[in-house]
Each structure stands twice: as C-alpha cells, then as structure tokens.
Amino acid sequence: MKAQHLLILIGLLAVLLSSSLALADACVDCHKDPKLKVQNPKLFYYYEDFQSSVHGVAELDCVDCHGGDAETTDMEKAHDGVLDPVAFDQIPVTCGECHDQQRDTFITSEHYRILKDDGLAPNCVTCHGAMEMDFIFVTRVKNTCSFCHNLETGTLPGVPDRADYVLNKINIMKGYRSFVNTHAADRVEVQNLDASYEDLIARWHRFDLDEVEVDAKTLLGDYRKAKAQAMKDRRNN
C-alpha cells in the first residue's frame, strides 16, 4: 500500500513539474508559433535569431534580459515592463548584469557620457546586435564607427581606420592565443596571458584607442614569444 501511495505521489510531482516547465516556456510557446510569422514577423524572427545565438545556446531565458512574467499565458501580464530593460539608454545596464567587465569600462567612456546625456551614442547592440550575436567582424565595427566619425561630421574621422587597425591586431592575437592555450607547457603563463587578454577586451569598450593599441601590440608580442617557446618545447619532446 505504501508503495502504491509513493507511486501516486511521484506521478503527481511529475505532473506538477511538467506544468511548471510548460508555464516557464510561455514566452517561447507564443513567439515560436508559426502564426506569428504572418501576424508579427519581426518578433517571430527575433525568436529564431535568439535560438541560434550565443545567448540561446547558453539557455538564457527571455526574462533574463527582458523581465516580464514567463509563467503566465496572459499577454498583458507576460509583457509587463519588458521594454524597459532594453530601452536604448538602458542596454548597458541590462547587458552589464552578466558582462560586468565590459560594462565597468564602457561606463567610463565618452560614448557612455553622451549616451546618458542625449542618447546619441552607441550602446552594446550597436556593434554586437540585439539577437543574432554573431562574431564581430572588423569591417562591421569600422562601418559602424563611420556613422558618426567621418569627414562630413568632422568628428574624429580617423577613428574608423584606427579601430580597424587595432581590431585586426586583436584578431591576429586570437590565433596565437588558441595555439598557446592548447600547446604551451607553462600553464601559469597561459593563465597570465589569458587574464591580460580578457582585460584588454574589456578595456576596448572604453574606446581609448591610444591605450588599447599600445597594449594590443605588447600582448601580441607576448603571445608570439609564447607560441615560439611552445613550438620549441614540442620539438624537444
């Protein structure tokens, strides 16, 4: 008899758990509905882009960025306040909940000051996109910089080319970093180089190109030396 009661209890728990999971996916259930493709294609394709994005792959939920209530099928309650965290001037705050290093440097930038003063400066999604979150292509960043920094506006028109130059250095560095992380015998050095790399990427978001350019060249040199040593160690072994 006890065993029967236990089975019934387990069955009830399973039903409750499945109901809870179903409710937790209320955002997804609605936004993946093919009918939305006709009724509101922008929102439908937002969902599709999110599914294949780094955030979707990492299994973040809609409410992690948007807020709202994912446990109700009532549209008004589900969408209560969902636009506030993704308002243009609030994006750095929302993204910064996870990307705190980038946020902490970005809020010290001139871009952030202008963004807070009049809203006419880039935020995170200007370069990174809202949902797709593709890897950042250098040309994409250069073209984005050119919207404001060009000869017509007269606002530091040399910035796009300098940003392009620095990011190309960082992209070259990525190849060396991958080799060193895989093959270097000195794991302490690998950790130190990784820490310097992560710090450099975070400080890029201050957009102090003078500082980042110098540090990128230095770190690239360090990675080249580490790769040469790793290759020498492999030959000797």
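Residues numbered from 1 in each chain as written. Predicted model: local features only at pLDDT ≥ 70, side-chain atom pairs only at ≥ 80, totals over all residues. Heavy atoms only, no water.

J.: Would you explain the environment of Val86 in this entry?
T.: Locating Val86 in the fold gives a position in the loop between α7 (75–78) and α8 (91–95). Between the alpha carbons of Val86 and His66 there is a distance of 6.7 Å; along the sequence they are 20 residues apart. Those residues in contact with Val86, other than ones at most four positions away along the chain, are Cys65, His66 and Ile91. (Helix = DSSP H or I, 4+ residues; strand = E, 2+ residues; numbered from the N terminus. Contact = heavy atoms within 4.5 Å.)

J.: Is there a simple way to explain the packing of aromatic side chains in this structure?
T.: In this description, a pair of aromatic rings is defined by centroid distance and the angle of the planes. Per the stated rule, a full pass over the model turns up four aromatic pairs. Considering the side-chain rings of Trp204 and Phe207, the 6.0 Å spacing of their centres and the 70 degrees angle between planes classify their relative orientation as edge-to-face. Residue classification places Trp204 among the buried positions, given a relative accessible area of 11%. Joined through ring pairs, the aromatic side chains of Phe106, Tyr112, Trp204 and Phe207 make up one cluster. One cation-aromatic arrangement involves Lys227 over Phe179; the distance from NZ or CZ to the ring centre is 5.1 Å. (Phe/Tyr/Trp six-rings, centres within 6.5 Å; stacked < 30°, edge-to-face > 60°. Buried < 20%, exposed > 50% of the residue type's maximum accessible area, 1.4 Å probe, protein only. Lys NZ or Arg CZ within 6 Å of the ring centre and 35° of its normal.)

J.: Explain the nonpolar core to me, please; I cannot follow it from the model alone.
T.: It is characteristic of soluble globular proteins that their nonpolar side chains tend to be buried jointly. Counting 25 residues, the largest nonpolar core has Ile170, Met173, Val180, Leu200, Trp204, Leu219 and Tyr223 as its most contacted members. Among the secondary structure elements, those contributing two or more residues to this core are α12 (138–146), α13 (159–183), α14 (187–204) and α15 (209–236). What Leu200 contacts, discounting residues up to four positions off in sequence, is Ile170, Met173, Val212, Asp215, Ala216 and Leu219. (Core = buried A, V, L, I, M, F, W, Y, C linked by side-chain atoms within 4.5 Å.)

J.: Got a minute to help me understand α12 in this structure?
T.: Each turn of an α-helix holds 3.6 residues, which means side chains three or four residues apart point in the same direction. Residues of α12 that are buried: Val138, Val141, Thr144 and Cys145. Down the axis of α12, the buried set is contained in an arc of 130 degrees. They therefore lie on one face. Elements that come into contact with the buried residues of α12 comprise α11 (124–128), α13 and α14. (Arc of directions from axis to C-beta.)

J.: Can you help me understand the pattern of salt bridges in this one?
T.: By the definition in use, this model includes 13 salt bridges. For Arg103, the salt bridge is made with Asp104, and the minimal N-O distance between the two is 3.0 Å. When its relative accessible area of 27% is taken as the criterion, Arg103 is described as partly exposed. Asp194 is the partner of Arg177 in a salt bridge, and the nearest nitrogen-oxygen pair spans 2.8 Å. Placement of Arg177 in helix α13 and of Asp194 in helix α14 is noted, with a sequence separation of 17 residues between them. (Salt bridge = Lys/Arg side-chain N within 4 Å of Asp/Glu carboxyl O.)

J.: Which parts of the structure should I look at to understand the layout of surface pockets?
T.: Gaps left between atoms are located by rolling a probe of water-molecule size over the structure's atoms. Here the second largest pocket defines a volume of roughly 170 Å³. For the second largest pocket, the lining is made up of 13 residues, of which Asp25, Val28, Phe50, Leu60 and Asp61 are closest to its centre. Of all elements in the fold, only α2 (26–31) and α4 (41–52) reach the threshold of two or more residues within the lining of the second largest pocket. Of the residues forming the lining of the second largest pocket, the biggest block, three residues, is contributed by α4. Considering only residue class, the lining of the second largest pocket consists of eight nonpolar, two polar and three charged. (1 Å grid on protein atoms, 1.4 Å probe; cavity = no way out; pocket = protein on both sides within 12 Å on 5 of 7 lines; lining within 4 Å. Points joined across faces, edges and corners; volume = space filled by probe spheres on them. Nonpolar A, V, L, I, M, F, W, Y, C, P; charged D, E, K, R; others polar.)

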